[in-house]
Amino acid sequence: MAFLLIFRTFATIMAFEQVIGQHEAQQRLMQMAGEGRLPHAIMLCGPQGCGKLALAIGFATELLSRTPNDAAMLHRLEHPDLHFSYPTIKLPSMSSDHKPVSDDFAAQWHELVMRSHYFSMTEWLELMGGENQQAIITAGESDELVHKLSLKSSQGGYKVSIVWLPERMNIECANKILKLLEEPPSQTVFLLVCQEPDQLLETIRSRVQRIDVRRISDDDIRQALVSRRGLGDADATRITRMANGSWLKALQLLGTDAENERFLDFFQSLMRLAYQRKVRDLKTWSDQMAALGRERQRRFLEYFLRLIRENFVYNFQQPELCYMTQREEDFARNFARFVNEANILPVTELAERAYRDIGQNANAKVVFFDFALQMIVLLIQK
């Protein structure tokens, strides 16, 4: 009995070892399980990099760790009662009638998630070999999940289904998953890891217990950078400020973030061409943006929004409030004055609308050319 108690305590500690901070969310999950009021479906919602997937895997590990053998399998993420579903793409090698499913990319997923529980859609797309495609969860995946969860638990306990980014389900898949949530198989717990819950069907949202996961506290990120990455206090503090509550962003800042460097080039080019009213060159700029692929286009618009906010704050001449790289700040010295009280809101709304349109599969050339043309007018507002 004493050994079992020690094992359970150790298993709980190890379950959440990859989670940075988020003690409140961990405590809430553990309390629901400990009090015997575990809902059949939980949706973890929050911004990118806050640790939703790490929390889901940690909680699944806690639910499934009944014996040392369970713990060993879970450490390798090879437990037979742990199922992952995630967005996939269609490869040229697949037949025309094949609906891609998670099992088609199980080896790539296992490689990525074993490397770290914090990663972006870009990393996942690159590993699948479809960087410029838009990954979705197909109806084929829901059929697979129905089959898997209809089987009895191989270890006699829970079956746990982790669905990463359920908002990427197509409508056929979403309706089939809804039926699963309405009539869940016995001893099954669904953990939905969601970044944009408003894109899910309202009927799905109404059938899950939602837990909002906040951005990671600056103190937790700073401590993790020191203890896990060996940074000094000064470097850890600088990266923490720029990470803005995202461990994924902190990891990107540790290395050479080539994508952000490229995004800064696009940002600078847009602003210079818009200021000079070079419509022909702006058309070329919009064509270059359209060639990036939808996932990268959306990330550029997220970057654009961040840099617009930083340039606006830069005008207040309080450097402790600015979170920019040295190169971004060098550009801001001359550019920031063009972002002011008269245009900060319309510029922000313009970028948010473009982000939404790209997410809804609008023509990227049209979206970005319109975006660029409107920047001509907005930059001269004072």
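Refer to the structure printed above.
Residues numbered from 1 in each chain as written. Predicted model: local features only at pLDDT ≥ 70, side-chain atom pairs only at ≥ 80, totals over all residues. Heavy atoms only, no water.

Peer 1: An account of the pattern of salt bridges is requested, with residue identities and associated values reported.
Peer 2: Evaluation of the coordinates by the stated rule reveals 21 salt bridges. The salt bridge involving Arg333 is made with Asp330; its shortest N-O contact spans 2.5 Å. With Arg333 and Asp330 both in helix H16 (residues 326-335) and three residues apart, this pair spans about one turn of that helix. By relative accessible area, Arg333 is classed as partly exposed at 47%. Three or more residues are tied together by salt bridges with common partners; here these are Lys99, Asp143, Glu172 and Lys176. (Salt bridge = Lys/Arg side-chain N within 4 Å of Asp/Glu carboxyl O. Helix = DSSP H or I, 4+ residues; strand = E, 2+ residues; numbered from the N terminus. Buried < 20%, exposed > 50% of the residue type's maximum accessible area, 1.4 Å probe, protein only.)

Peer 1: Explain the layout of surface pockets residue by residue, including any values.
Peer 2: Space inside the largest pocket adds up to approximately 1,000 Å³. Around the largest pocket, the lining comprises 31 residues; the ones closest to its centre are Gln48, Ser246, Lys249, Glu302 and Arg306. Sorting the residues of the lining of the largest pocket by element identifies helix H6 (121-128), helix H11 (233-243), helix H12 (247-254), helix H13 (258-276) and helix H15 (294-314) as the ones contributing at least two each. With seven residues, the single largest contributor to the lining of the largest pocket is H15. Of the pockets and cavities examined, the second largest pocket occupies roughly 720 Å³. What lines the second largest pocket is a set of 40 residues, among which Leu165, Glu167, Arg168, Gln195 and Glu196 lie closest to the centre. For the lining of the second largest pocket, the secondary structure elements donating two or more residues are helix H3 (52-64), H6, helix H8 (171-182), H15 and helix H17 (344-359). For the lining of the second largest pocket, the element with the most residues is H15, which contributes four residues. Split into classes, the residues belonging to the lining of the second largest pocket amount to 20 nonpolar, twelve polar and eight charged. (1 Å grid on protein atoms, 1.4 Å probe; cavity = no way out; pocket = protein on both sides within 12 Å on 5 of 7 lines; lining within 4 Å. Points joined across faces, edges and corners; volume = space filled by probe spheres on them. Nonpolar A, V, L, I, M, F, W, Y, C, P; charged D, E, K, R; others polar.)

Peer 1: Let's hear about the packing of aromatic side chains: which residues, and what values?
Peer 2: What the rule picks out here adds up to 24 aromatic pairs. Consider the rings of Trp109 and Phe119, whose centres lie 5.5 Å apart with planes at 85 degrees: the pair is edge-to-face. Here Trp109 is found in helix H5 (residues 106-115), whereas its partner Phe119 is found in the loop between H5 and H6, with ten residues between them in sequence. For Trp109, a relative accessible area of 3% puts it in the buried group. Taking relative accessible area as the criterion, Phe119 reaches 8% and is therefore assigned buried. Judged by centre distance (5.3 Å) and plane angle (85 degrees), the rings of Trp109 and Trp124 are edge-to-face. Remark: Trp124 occurs in helix H6 and Trp109 occurs in helix H5; sequence separation between them is 15 residues. Of the two residues, Trp109 and Trp124, both sit in the buried class. (Phe/Tyr/Trp six-rings, centres within 6.5 Å; stacked < 30°, edge-to-face > 60°.)

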